[in-house]
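Listed below, chain by chain, are the residues.
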Amino acid sequence: MPGPGAFLIGEEEKKEVLDVLESGYLFRYGNEDDPEFKHKVATLEKEFAGYIEKEHCVALTSGTAALLTCLSALGIGPGDEVIVPGYTFIASISSIIYAKAIPVLAEIDESLTIDTDDIEKKITEKTKAIMPVHMLGNPSDMDKVMKIAKKHNLYVIEDACQAAGASYKGRKVGSIGNIGAFSLNVFKTISSGDGGLVVTDDKTVYERAFGFHDQGHKPSRMGVEVGERSIIGLNFRMNELTGAFALAQLRRIDNIISTLHEKKKKLKDKISGIEGIRFRKLNDSGECGTLLTILFESKEKAEGFCKIVGTKTVYNSGWHVYNNMENILGKKMPTKIGCPFECPFYGKEIEYRKHMLPKTDDILSRAVNISIGVVDPGLGAGFGINILSSDKEIDDCAKSIARAAAEV
Ligand SMILES: *Cc1c(COP(=O)(O)O)cnc(C)c1O
């Protein structure tokens, strides 16, 4: 089982979901005069906004829908460029494409999040936003991202899909930029199978986000409000069963983060100081603790280590590395990207090539993800421990790491 939330499904989730089943109200809107209607989605939005310390939250069907909603709510569209790291889940990139904007790939640094030195090099007169991705639960260097954004008058959209519960300098990630997106799919900190959340403090942006996800309607509509719709939207609404499940998971989040920190510390302490083992840079100790990333001196050592313990380097693990995104590689923006529409771009053509980000390639070829809470071979984290691991299992894992490191 993949993410920590998914390991902890229990009575609370059952109770929340049963509440909805017994009420008969599966849609997020219901009869406000009926005490049976439980408002699970609306409650989730309120509790998540409170948890993140933002004014507004919209619950949606996925993290991908959340990202597209963020971009649309900010009015990012044809010809606009958005700077995004080349190490991320493809949804960060595809949501930009479907907003009819242009993803501009930036390098990562040894935190495995966006290299802030590379951001300024990628800014053009068309740049509208930066999308830092808090990869593997590690916050991006938000002070620097925000400083660059302010200097160049850019929006910041935080892709916090892998980092619900992480904080940066005392603030929850997702709450620092103009708008933040979260995912509730099964690989994330907390899960409802699928689902997404958007948070912001800006009322206008919130109303646009809400409308985009609900056919143009205003928040908390009562029935169909013809004549009240100011934008054209789609439908990415969350249903009550999902909302109920997510609510039970949200109430576990502090416990999940503290348990991951405790288990990660145990494992990290046991392998710290071993020759050849160094860890990725953490931009804040408030990271999620979902993974422990080892950086080896060379690609050869990293691959040798992986062969022994039965895993893959991040570079070789697939999905999240731009080099492996065959559906964008070799295609040229504006119109040959595989969109089902002709994008009316006026910007320069941008080609996505293998090895266009040499620093990213170098770091990822030396990086190995050890699972702490997210067990996902697609992320290169098929080896390690999980949130339920005992001290003995943590000890065994540390011994395997030490043995393999000594051999390479
Ligand atoms: C999981 C994820 C998403 C969105 O995922 P969904 O499966 O659509 O919920 C977006 N960005 C990143 C970095 C992710 O890891």
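Residues numbered from 1 in each chain as written. Predicted model: local features only at pLDDT ≥ 70, side-chain atom pairs only at ≥ 80, totals over all residues. Heavy atoms only, no water.

*Asks:* Honestly, the sheet that holds strand β1 (residues 56–60) in this entry has me stumped. Any pointers?
*Replies:* The pairing of strands in a sheet comes from backbone hydrogen bonds and takes either a parallel or an antiparallel form. Taking strand neighbours across the sheet as the criterion, the seven strands line up as β1-β9-β8-β5-β4-β2-β3 in an open arrangement whose pairing is mixed. Each end of this open sheet is capped by a strand with a single partner; those strands are β1 and β3 (102–106). For this sheet, the mean inter-axis angle between neighbouring strands, taken without regard to orientation, is 25 degrees. Relative to strand β9 (residues 196–200), β1 runs antiparallel, the two sharing five bridges. Bridging from a neighbouring strand, Cys 57 pairs with Val 199 of β9. Helix α3 (residues 40–52) rests against β1, β8 (179–183) and β9 of the sheet, and its axis sits at about 130 degrees to β1. (Pairing = 2+ DSSP bridges. Helix = DSSP H or I, 4+ residues; strand = E, 2+ residues; numbered from the N terminus. Axes fitted to C-alpha atoms, helices over the stretch in contact; angles between N-to-C directions. Contact = heavy atoms within 4.5 Å.)

*Asks:* Is there a simple way to think about the domain arrangement of the chain in this case?
*Replies:* Size of an interface, as often reported, equals the accessible area lost when the parts are brought together. Domain assignment breaks the chain into domain 1 (4–253) and domain 2 (254–407). Just the C-alpha atoms count here: the centres of domain 1 and domain 2 sit 23 Å apart. On the side of domain 2, 56 residues touch domain 1, which itself brings 54 residues to the contact. The junction of domain 1 with domain 2 conceals about 4600 Å² of combined surface from both sides, 66% of it contributed by carbon and sulfur atoms. Taken as a group, Phe 7, Glu 110 and Leu 136 account for 15% of the area that domain 1 buries against domain 2, more than any other trio of residues on that side. Where domain 1 touches domain 2, the interface holds four salt bridges. Where domain 1 touches domain 2, the interface holds 27 residue pairs in polar contact (both at pLDDT 80 or more). (Domains from an automatic or database assignment. Buried area = accessible area lost by both parts, 1.4 Å probe. Salt bridge = Lys/Arg side-chain N within 4 Å of Asp/Glu carboxyl O. Polar contact = N/O pair within 3.5 Å; in protein donor to acceptor, adjacent residues only side chain to side chain.)

*Asks:* Is there a simple way to think about the layout of surface pockets in this case?
*Replies:* Roughly 420 Å³ of volume is contained in the largest pocket. Taken together, 20 residues form the lining of the largest pocket, with Arg 28, Ala 42, Glu 45, Pro 219 and Ser 220 sitting closest to its centre. Of all the elements in the fold, those that place two or more residues in the lining of the largest pocket are α3 and β1. The element that contributes the greatest number of residues to the lining of the largest pocket is α3, accounting for five residues. Residue classes in the lining of the largest pocket are distributed as eight nonpolar, six polar and six charged. Computed from the structure, the second largest pocket encloses a volume of approximately 230 Å³. Lining the second largest pocket are 16 residues, with Gln 162, Phe 187, Lys 188, His 320 and Asp 376 positioned closest to its centre. Residue classes in the lining of the second largest pocket are distributed as seven nonpolar, seven polar and two charged. For the lining of the second largest pocket, the two domains that each supply at least three residues are domain 1 (4–253) and domain 2 (254–407). (1 Å grid on protein atoms, 1.4 Å probe; cavity = no way out; pocket = protein on both sides within 12 Å on 5 of 7 lines; lining within 4 Å. Points joined across faces, edges and corners; volume = space filled by probe spheres on them. Nonpolar A, V, L, I, M, F, W, Y, C, P; charged D, E, K, R; others polar.)

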